There are 2 protein chains.
Amino acid sequence: MEKQGNKYGIHRVIKPQGVLTQAAQKIDNDMTKLYTNEIICDVISLNIDSASFTQIKEACEKVPEKIEEMILGIVSERGKMQNPVTGSGGMFIGTVAYIGEDLKDRDIKVGDKIASLVSLSLTPLKIEKIKKIHMDIDKVDIEGKAVLFESAIYAKLPDDMSEALALAALDVAGAPAQTAKLVKPGDSVLILGAGGKSGILCGYEAVKRAGPTGNVIASVRRDTQGKELIELGACTDYIVADATKPVDLLEKAIEANGGREYDISVSCVNVEACEMAAILPVRDGGIVYFFSMATSFTRAALGAEGIGKDVTMLVGNGYTKDHAEITLWELRESEKIRDLFNTKYI
Amino acid sequence: MEKQGNKYGIHRVIKPQGVLTQAAQKIDNDMTKLYTNEIICDVISLNIDSASFTQIKEACEKVPEKIEEMILGIVSERGKMQNPVTGSGGMFIGTVAYIGEDLKDRDIKVGDKIASLVSLSLTPLKIEKIKKIHMDIDKVDIEGKAVLFESAIYAKLPDDMSEALALAALDVAGAPAQTAKLVKPGDSVLILGAGGKSGILCGYEAVKRAGPTGNVIASVRRDTQGKELIELGACTDYIVADATKPVDLLEKAIEANGGREYDISVSCVNVEACEMAAILPVRDGGIVYFFSMATSFTRAALGAEGIGKDVTMLVGNGYTKDHAEITLWELRESEKIRDLFNTKYI
């Protein structure tokens, strides 16, 4: 008899009670229990988080048998592949084996190949056998099963591009999809850290959404990067500036936008203390979208107050509806971006 | 001949060049230079930031003459009252002495008594004389002048309430004003940390804006707090929960909202690791507004992604248009809140 589980998987927490599965020490990985709002997958491979895999390799002196034993030990102990030292997980690739009754209207069917977009640190996992450890790419091929809760996010792996290419883009899928939803025709948009992986995808999306009457300015560190971005269609113009020097960046950014402040800035710059560079160039009533994980909440909040800027500041959520589809579409649409990703990011 | 200065006061930075006045070591406090977009005030008193004043008192062994010498030294050295150890400032109260040509349409006139709502750590200040040091309330009465830049925020001190009462509310003015702008009729709103100063003001504003068809639930730590908040009109109902235990809080919060997820949550809880408690109870497409300075950017961003929540997460900006007026109006409108503030916060 199938039961309905909790949307976030709380029903699978064994200890301690009262936390979500990520914070739990041990979760229930019994794959014979079927819930009406869970998906069970046959796992093909685990892409272990880089911090976690490095720690495991070091602890096991790179001996494959020891690594195998350690991974099996963690999963049997915790019910999930969460490194007890780093706390981190990774993601899995697998095929759909079971879809609970309540999730029948999802856009996947049994047999589809998917990538999980939630962390292994919160995902029930049972390993029958480790088949191969790919030492250099943090990947482990296994035979086993994993559970996706009702709230879990995943992406169907497309037939028309390589798995590696799709995963490279899905890794940062939140940012371009949020940009796509924010930018309106005619908007002026400033992209900080525009030359990186998420910056390129955000810029491309911003150019498309702002359209012919809009203006997308890329802030980069080198002139050659800016030229490449124009070539890629990931900006309409660029400035060469250092986002840790807000006054200089402000002056260049405003000049590049015809003397006007921006409607939206998007910060993809993975360096500390770049909050003011994202806030200063934006008009009152505009939007500052922080995607960079180097963002400090207090520096952003107090920084905007200090200069009396009435801007809406958004915490970049790694998820938004249809984020995988929006991002993969960029690779389909733009041969140039696809080529760049194939060359640089896989 | 008057000149126009930079909107953010960059024209007064002496060293190092390229930063804003807050990050500068020394700024120009020459009050004989008149700019068309500056306001100059005759300062009555400095409310020194608590961290700064504590450090100064300790360094000077609480000897008034030494404190006087130290404050005069800092201001003559830096051109602003920014404690070199703590980096913090405070705010000032004064009367308007000069309004530059470009700012003539502002809602203040020469002679008005105002409170600066930007930090002394970025405000040009010149002290002629220290008149009195109020050791226990971190306040220093002076004779001197201060500059407000075009971007600076300030509030005219009202005639109909005490200075202390107005300042106690203005201290957290960003939060209730943002709440007022976010909450729409019929919304369900969850306030975390609802029993504190900003929580009370946000709750009162939410009840008013959500109206008779809305629902404002306060999350508090003690039953008596909840009863007080209902009495104040700062919630429609309450739950007693610990925001560091998200699963328990989620269950109680959903039950209190008739089994439904919330449109908006507002986090005013000044404790670490309460991000999930603010994110979990909100519906997809809803808003999570973080006002607490204990918020971690990465915990919020990764937390929402981990549970696949498509929510808009906002960094609480300490400033929004008319924030002082919106907040002071609460004290005028509600005798109960005014009484509470007079008893508890001044």
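Because the structure is a prediction, the values reported are computed rather than measured. Position numbers for residues count from 1 along each chain, tracking the sequence in the order it is written. Just so you know, chain letters begin at A and ligand numbers begin at 1, following the order they were written in. The model is predicted, so local features are restricted to residues of pLDDT at least 70 and side-chain atom pairs to those at 80 or more, both for listing and for counting; the totals for chains, interfaces and linings are taken over all residues. Calculated side-chain values reflect all of the structure's heavy atoms, with hydrogen atoms and water omitted.

S.K.: Even after reading the chapter, I still don't get the relation of the copies chain A and chain B, so can you show me in this structure?
M.R.: Relating one copy of the chain to the other takes a rotation about an axis and a shift parallel to that axis. Each copy superposes on the other: chain A lies on chain B with an RMSD of 0.1 Å after a rotation of 180 degrees and an axial shift of 0.0 Å. On this basis, the relationship between the two copies can be described by a two-fold rotation axis. By definition in these notes, contact holds between two residues if any of their heavy atoms fall within 4.5 Å. Of all interface residues in chain A, 100% are interface residues in chain B too; the two copies therefore contact each other through one and the same surface. We place the copies in one frame by least squares, fitting the C-alpha atoms of every residue whose pLDDT is at least 70 in both.

S.K.: Please clarify how helix α5 (residues 197-210) of chain A should be interpreted in this entry.
M.R.: In an α-helix there are 3.6 residues to a turn, and that puts residues three or four apart on one side. All names here are of chain A. Its 14 residues place the ends of α5 20 Å apart at the C-alpha level, agreeing with the 20 Å of an ideal helix rising 1.5 Å per residue. Only protein chains enter the area calculation, which uses a 1.4 Å probe; residues under 20% of their type maximum are buried, those over 50% are exposed, and those in between are partly exposed. Starting at the N terminus, helices and strands are each numbered in turn, a helix being any DSSP run of H or I of at least four residues and a strand any DSSP run of E of at least two. Counted residue by residue, α5 has 11 buried out of 14 residues, so it is predominantly covered. Where α5 is concerned, the buried positions are Lys-197, Ser-198, Gly-199, Ile-200, Leu-201, Cys-202, Gly-203, Tyr-204, Glu-205, Ala-206 and Ala-210. Just downstream of α5, Gly-211 is the residue with a positive phi angle, here 70 degrees. One less than the number of residues in a helix, times 1.5 Å, gives the span that helix is expected to have.

S.K.: What exactly am I supposed to notice about unusual backbone geometry here?
M.R.: Most of the time, phi is negative for any residue but glycine, and the peptide bond is trans. Following Lys-15 of chain A, the chain continues to Pro-16 of chain A via a peptide bond in cis, the omega torsion being -10 degrees. The phi angle at Lys-62 of chain A is positive, at roughly 60 degrees, despite the residue not being glycine. Position of Lys-62 of chain A relative to the elements: it lies in the loop between α1 (50-59) and α2 (64-78). Exposure remark for Lys-62 of chain A: the relative accessible area of 56% places this residue in the exposed category. Even without a glycine there, the phi angle at Asp-138 of chain B is positive, about 55 degrees. Looking at the element boundaries, Asp-138 of chain B is found in the loop between β6 (125-134) and β7 (139-148). Take Asp-138 of chain B: its relative accessible area is 17%, and that puts it in the buried class.

S.K.: What's the story with the packing of aromatic side chains in this structure? I'm lost.
M.R.: What characterises a pair of aromatic rings is the spacing of the ring centres plus the angle enclosed by the ring planes. Residue and element names in this part refer to chain B. In summary, the pairing rule links any two rings of Phe, Tyr or Trp, Trp by its six-membered ring, whose centres are within 6.5 Å, and it sorts them by plane angle into stacked for under 30 degrees, edge-to-face for over 60 and tilted for everything else. In total, this model carries four aromatic pairs over all chains according to the counting rule given. Summarising the aromatic geometry, the rings of Tyr-289 and Phe-291 are spaced 6.3 Å apart at their centres and angled 55 degrees between planes, so their arrangement reads as tilted. Each member of the pair Tyr-289 and Phe-291 is classed as buried.

These figures capture arrangement, not role.
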